[in-house]
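What follows is the residue order along each chain.
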Amino acid sequence: MATEVDIDEFSFPEEPGKWSYFLRIPSEEIEAAGFPLLVANGIRPGKTLVVIACVHGDELEGVQAIQDVFRRIEPEEMSGRLVAVPVANMPAYKAVSRTSPVDGMNLARTFPGRKDGTLSERTAFYLSELIIPQADLFLDLHSSGVAYLMPRMTGYDSADTIGGRFSKDAAMIFGTPVIWGHERIGPGRSISSAAERGIPWLYVESPNGAKVSETDLPYYINGVLNLLSYLKIIGRSVTVHQPVLRLSGPGDVDVSQAVTSYGFFVPKVKLLERVEKGQVVGKVRNEFGDTIEIVKADESGYIAMLRATPVVEPGTPVCLVAPEETTD
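Presented here is a report on the structure given in the accompanying data block. Keep in mind that what you see is a predicted model, and the values were worked out from it rather than measured. (Residues numbered from 1 in each chain as written. Predicted model: local features only at pLDDT ≥ 70, side-chain atom pairs only at ≥ 80, totals over all residues. Heavy atoms only, no water.)

**Things to note about empty space enclosed by the protein**
Thought 1: Using the criterion set out here, one finds two cavities of 30 Å³ or more in the structure.
Thought 2: In terms of lining, the largest cavity is formed by 19 residues, of which the most central are His 56, Arg 109, His 142, Arg 189 and Glu 205.
Thought 3: Taken together, the elements giving at least two residues each to the lining of the largest cavity come down to α5 (190-196) and β10 (201-205).
Thought 4: Grouping the constituent residues of the lining of the largest cavity by class yields six nonpolar, six polar and seven charged.
Thought 5: Each pocket or cavity is described by its volume, and for the second largest cavity that value is around 60 Å³.
Thought 6: Lining the second largest cavity are Gly 34, Ala 88, Asn 89, Met 90, Pro 91, Ser 100, Leu 119, Ser 120 and Thr 123.
Thought 7: Looking at the lining of the second largest cavity, the elements that each hand over two or more residues are α2 (90-95) and α3 (119-131).
Thought 8: Of the residues forming the lining of the second largest cavity, the biggest block, three residues, is contributed by α3.
Thought 9: Split by residue class, the lining of the second largest cavity holds four nonpolar, five polar and no charged. (1 Å grid on protein atoms, 1.4 Å probe; cavity = no way out; pocket = protein on both sides within 12 Å on 5 of 7 lines; lining within 4 Å. Points joined across faces, edges and corners; volume = space filled by probe spheres on them. Helix = DSSP H or I, 4+ residues; strand = E, 2+ residues; numbered from the N terminus. Nonpolar A, V, L, I, M, F, W, Y, C, P; charged D, E, K, R; others polar.)

**Side note on unusual backbone geometry**
Thought 1: Here the bond from Phe 111 into Pro 112 is cis, since omega is 5°, no more than 30 degrees from zero.
Thought 2: Relative to the helices and strands, Pro 112 resides in the loop between α2 and α3.
Thought 3: Despite not being glycine, Cys 54 has its phi angle at roughly 60°, a positive value.
Thought 4: With respect to the helices, strands and loops of the structure, Cys 54 is situated in the loop between β4 (44-53) and α1 (61-72).
Thought 5: A positive phi angle is found at Lys 232, which is not glycine, with a value near 65°.
Thought 6: Assignment of secondary structure puts Lys 232 in the loop between α6 (217-230) and β11 (245-248).

**Some details on the pattern of salt bridges**
Pairs can form between side chains of opposite charge once their charged atoms are near each other.
Thought 1: Taken as a whole and assessed by the stated rule, the structure comprises 13 salt bridges.
Thought 2: Of the charged contacts, one joins Asp 8 and Lys 115 as a salt bridge, the two residues approaching to 3.7 Å between their closest N and O atoms. Linking Asp 8 in the loop between β1 (3-6) and β2 (17-24) with Lys 115 in the loop between α2 and α3, this pair joins segments that are 107 residues apart in sequence.
Thought 3: The salt bridge involving Asp 216 is made with Arg 152; its shortest N-O contact spans 2.2 Å. Of this pair, Asp 216 sits in the loop between β10 and α6 while Arg 152 sits in the loop between β7 (148-149) and β8 (153-157), and the two are 64 residues apart along the sequence. (Salt bridge = Lys/Arg side-chain N within 4 Å of Asp/Glu carboxyl O.)

**Overview of the pairing of strand β16 (residues 291-296)**
Thought 1: One ladder, built from five bridges, connects strand β15 (residues 280-285) with β16; its direction is antiparallel. Each bridged residue has a counterpart across the sheet, and for Val 280 the counterpart in β16 is Lys 296.
Thought 2: Hairpin geometry of β15 and β16 is characterised by an intervening segment of five residues between the two adjacent antiparallel strands and by a positive phi of about 95° at Gly 289. (Pairing = 2+ DSSP bridges.)

Listed below in structure tokens is the structure:
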């Protein structure tokens, strides 16, 4: 059973073992505000992998992956520590929603948060101040959610720094068929908080939402185990995976190509299809089936995000094109 602790009174255990906590966040909006925390300390000192999942409540593979990995590892076989938050956004998780039904905010654009802010802002604050700083490597497990499609991919820091090179190596160890390097990232993300502290970071995506895919779950489980081995926290034979595709660019879904009309989006391309600038990638129809808007690629590259839910409104992102990485 998990131990409930007021988050302002919590301190990490130092002795070897495995612990489950529910960290309560002060809240006037709802009862039982907070998030679950799993900690596994090895019998020998070493590095710490911090993993969080379900920042968006409709992205669920990471939840099960963290639970399964935590049950599998044993402190007697560990050098170092796993710190994991299987459900970072409890209100959104319970609603199976991308955003919190409490304050309407997107937790993935709220970091580093505010201690005196809304519930999402307070959650981001505690994740930023208490959880992420524990990491030698930080991993945020996402999937596409209900509204979008994204490939099986690992995003990493492609800046030419020691942390960036470490991040790229870790991305290849994780083992997804696509990796996506970002020289810069937008504000508000969990990985932004890691980057500001000089902590190497990764995030993961897959083409699923509101369910756990039997195809994609093994990528998450094996990937987390691979990173634990990469940090020498556990003993596990891993190999560097050569991805089939390496993408580059900022990768911010919120600033990708958006439509200007209310309607029904019909894609004319597939995920990871190569497109040229100006190529038609989709059309928006009205309720009678008439085309009212044509969406064209704003650059050449690969379709790295595609709208899955066809009903759209002005400003809805429907497509993101990412160029292929040109340097190793």
